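An overview of the molecular structure
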Amino acid sequence: MVVLGAGPAGLVLGNLLLDSGVDCVVVERAEAAQVRTRARAGFLAAHTVRVLQRHGLDEGLRRRGQEHGVCEFRTADGGFRLDYGRLGRGERHTVYPQQELVGDLLTRFVGRGGRVRFGVEAVAVLDADTGRPSVSVREADGRPGGFRARYVAGCDGRHGAARRSLPAGSVRRYPCDHGVTWLGLLAQAPPSMDAVGYAVHERGFAGHMARSSDVTRYYLQCERGTPAGAWSQERIWDELDLRMRAKEHGPLERGPFTQRSVVELTSDVLEPLRHGSLFLAGDAAALISPSAAKGANLAVLEAELLALALVADLLHGDPTGLDSYSARCLAHIWRAQEFSHWMIGLLHGPSGRDGGSPFHHALWRSRLDSLRTSRSRQDWFAEHYVGV
Ligand code: APR
């Protein structure tokens, strides 16, 4: 078994295969240090935590993860808080930086004898329509190389070799540009509030998400094409203060930004998530906008389903799990896409793509108002916000 990519999808899959005695190698383009330090997502849904618990992959998050169950909306009509951990199914998030989860998964995998080839870039998946696919790679020293296996798992993200190797017409693509751009910021500063903060402002969206006691992620909607370094730290904090309505709710805890990126909110789903002996999981299978923090959670869900199906096939000769893998994942993926898309509309309102007309403005205010006042709407929100 060859697994492309050592992100959450590839490493959950690798660990589960290793635990079941399936021989596998993980091929990763980046170096180990980079994989362990790349700050990305950080909100793990209750289902994700259960998957990790079920397979003994939760030691680090049990010790260092923080339970989280409240979000706060700040709007021109006043703020409101949703204690979503007490609504819907009563489930919460665990805040645990993705690089720490990836680090834990890697340590466990390697500690149990798992093989990861760092610095090796997959170039193409070949012969996927046969029972003996192979992966051509560029070794760390630039020389060509390759691996042959019964199956290949493409967990190498949106720009990886797995997606690139799919023959034209073999899968259908569902790309979507949501028309919104965020400046993603990691601040060396304690969280400014005890909730996820969503500020909906006529100047654009701003978001606040705790990562740890001294690191906080912020998002600031910006014009498409804005370079990540265009704004000074001072200007960013002033703009965050303005949109987060610091005058009414209290000032933000400032600190230096240690990472900036421009995030264009896009989705891109493939269907089916299989081409012969090649299976896709995580971002390689379906890119989802970060508006509801679903990406890493879907990646873990898919990795578990794929691992169980591969073990059933390879060790017990039962291919039914592999046959239904794509349809089962896509049911979850489309539900998550639908909710994330709804969130984009909620968070951007008048500054979003449809926001120009008075009609859309009024619809958006009504959407926020029903979330503020309707218990059944809040239960629906909570169920989809934490669920995958
Ligand atoms: N060859 C080998 N490795 C590759 C290649 C390649 N050609 N291309 C990419 N990779 C590696 C990347 O370096 C990365 O480590 O594949 C890995 C993919 O990991 P992620 O991008 O974390 O993707 P995934 O495991 O699907 O997790 C998706 O993580 O941060 C979030 O937004 C992301 O939430 C989504 C989740």
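Since this is a predicted model, take the numbers as computed values, not measurements.

Calculation criteria
Residues numbered from 1 in each chain as written. Predicted model: local features only at pLDDT ≥ 70, side-chain atom pairs only at ≥ 80, totals over all residues. Heavy atoms only, no water. Helix = DSSP H or I, 4+ residues; strand = E, 2+ residues; numbered from the N terminus. Buried < 20%, exposed > 50% of the residue type's maximum accessible area, 1.4 Å probe, protein only. Contact = heavy atoms within 4.5 Å. Near = heavy atom within 4 Å. Polar contact = N/O pair within 3.5 Å; in protein donor to acceptor, adjacent residues only side chain to side chain. Areas by Shrake-Rupley, 256 points an atom, 1.4 Å probe, with all protein chains shown as cover. Pairing = 2+ DSSP bridges. Axes fitted to C-alpha atoms, helices over the stretch in contact; angles between N-to-C directions. Expected span 1.5 Å × (residues − 1). Salt bridge = Lys/Arg side-chain N within 4 Å of Asp/Glu carboxyl O. Phe/Tyr/Trp six-rings, centres within 6.5 Å; stacked < 30°, edge-to-face > 60°. Lys NZ or Arg CZ within 6 Å of the ring centre and 35° of its normal.

This paragraph deals with the environment of glycine 207. Note on placement: glycine 207 falls in strand 15 (residues 206-212). Here glycine 207 falls in the buried class, since its relative accessible area comes to 0%. Along the chain, glycine 207 and methionine 244 lie 37 residues apart, while their C-alpha atoms are 7.9 Å from each other. Discounting residues that sit within four places of it in the chain, glycine 207 has contacts with Gly197, Arg217, Tyr218, Tyr219 and Met244.

A few words now on the site of the ligand. Near the ligand, the surroundings consist of 24 residues, among which Glu28, Arg38, Arg40, Asp283 and Ala296 are the closest. Measuring from an oxygen atom of the ligand, one finds a side-chain N or O atom of arginine 40 at 2.8 Å. A distance of 3.5 Å separates a nitrogen atom of the ligand from a polar backbone atom of aspartate 156. When isolated, the ligand has an accessible area of 720 Å², and the protein chains bury 91% of it. Elements represented by at least two residues in the shell around the ligand include exactly helix 1 (8-20), strand 2 (25-28), strand 9 (121-126) and helix 9 (295-316). In terms of residue count, the dominant contributor to the shell around the ligand is helix 9 (3 residues).

Moving on, we come to the side chain of histidine 384. For histidine 384, the position within the fold is in helix 12 (residues 375-386). Engagement of the side chain of histidine 384 in a polar contact is seen with the side chain of arginine 335, the distance being 3.2 Å. When near neighbours in sequence (up to four residues on either side) are disregarded, histidine 384 contacts Lys294, Arg335 and Phe339.

Moving on, we come to the side chain of serine 291. Turning to its location among the elements, serine 291 is positioned in the loop between strand 20 (286-287) and helix 9. Taking the relative accessible area as the measure of exposure, serine 291 reaches 3% and is therefore buried. A polar contact is formed between the side chain of serine 291 and the side chain of serine 289, at a distance of 2.8 Å. Here serine 340 takes part through its backbone oxygen, which lies 3.0 Å from a polar atom of the side chain of serine 291.

Our next topic: the sheet that holds strand 5 (residues 71-75). If you trace the 8 strands from one edge of the open sheet to the other, you get 6-5-14-15-16-13-17-20, paired in mixed fashion. Edge positions in the sheet fall to strand 6 (78-82) and strand 20, since each of these pairs with one other strand and no more. As defined by bridge partners, strand 17 (residues 257-271) adjoins strand 20 across 2 bridges and the pair is classed as antiparallel. By the bridge assignment, aspartate 268 is partnered in strand 20 with leucine 287. Taken strand by strand, helix 11 (residues 358-373) contacts strand 5 and strand 6, and its axis lies near 50° from that of strand 6.

Side chains three or four residues apart in an α-helix point the same way, a direct result of the helix having 3.6 residues per turn. With 16 residues, helix 11 extends 22 Å from end C-alpha to end C-alpha; this agrees with the ideal 22 Å at 1.5 Å per step. For helix 11, the secondary structure elements touched by its buried residues are strand 5, strand 6, helix 10 (320-348) and helix 12.

Our next topic: helix 1. Along its 13 residues, helix 1 runs 18 Å from first to last C-alpha, staying within 8% of the 18 Å computed at 1.5 Å per residue. Where helix 1 is buried, its residues contact strand 1 (2-4), helix 3 (46-54), helix 5 (98-111), strand 12 (152-154) and helix 9. Where helix 1 terminates, the next one or two residues include glycine 21, which has phi positive at roughly 85°.

Time to look at the pattern of salt bridges. Counted under the stated rule, the structure contains 31 salt bridges. Measuring nitrogen to oxygen at the nearest pair gives 3.1 Å for the salt bridge that ties arginine 64 to glutamate 100. On the criterion of sequence distance, the pair formed by arginine 64 in helix 4 (residues 59-64) and glutamate 100 in helix 5 is long-range, its members being 36 residues apart. Overall, arginine 64 belongs to the partly exposed group, its relative accessible area being 38%. Here aspartate 238 ties to arginine 254 by a salt bridge, and the two come within 2.9 Å at their closest N and O atoms. Of this pair, aspartate 238 sits in helix 7 (residues 233-243) while arginine 254 sits in the loop between helix 8 (246-249) and strand 17, and the two are 16 residues apart along the sequence. In the salt-bridge network here, residues are joined through shared partners; they are Glu72, Arg74, Arg81 and Asp194.

A few words on the packing of aromatic side chains. In total, this model carries 19 aromatic pairs according to the counting rule given. Ring plane angle 55° and centroid distance 5.8 Å describe the contact between phenylalanine 339 and phenylalanine 381, whose orientation is recorded as tilted. Note that phenylalanine 339 is positioned in helix 10 and phenylalanine 381 in helix 12, a separation of 42 residues in sequence. The structure contains a cluster of three or more aromatic residues connected by ring pairs, namely Phe73, Phe80, Tyr84, Trp182, Tyr198, Phe205, Tyr219, Phe339, Trp342, Trp380, Phe381 and Tyr385. For arginine 235, the ring lying beneath its charged end belongs to tryptophan 231, and the centroid distance is 4.0 Å. A cation sits over an aromatic face here: arginine 377 above tryptophan 380, 4.8 Å from the ring centre.

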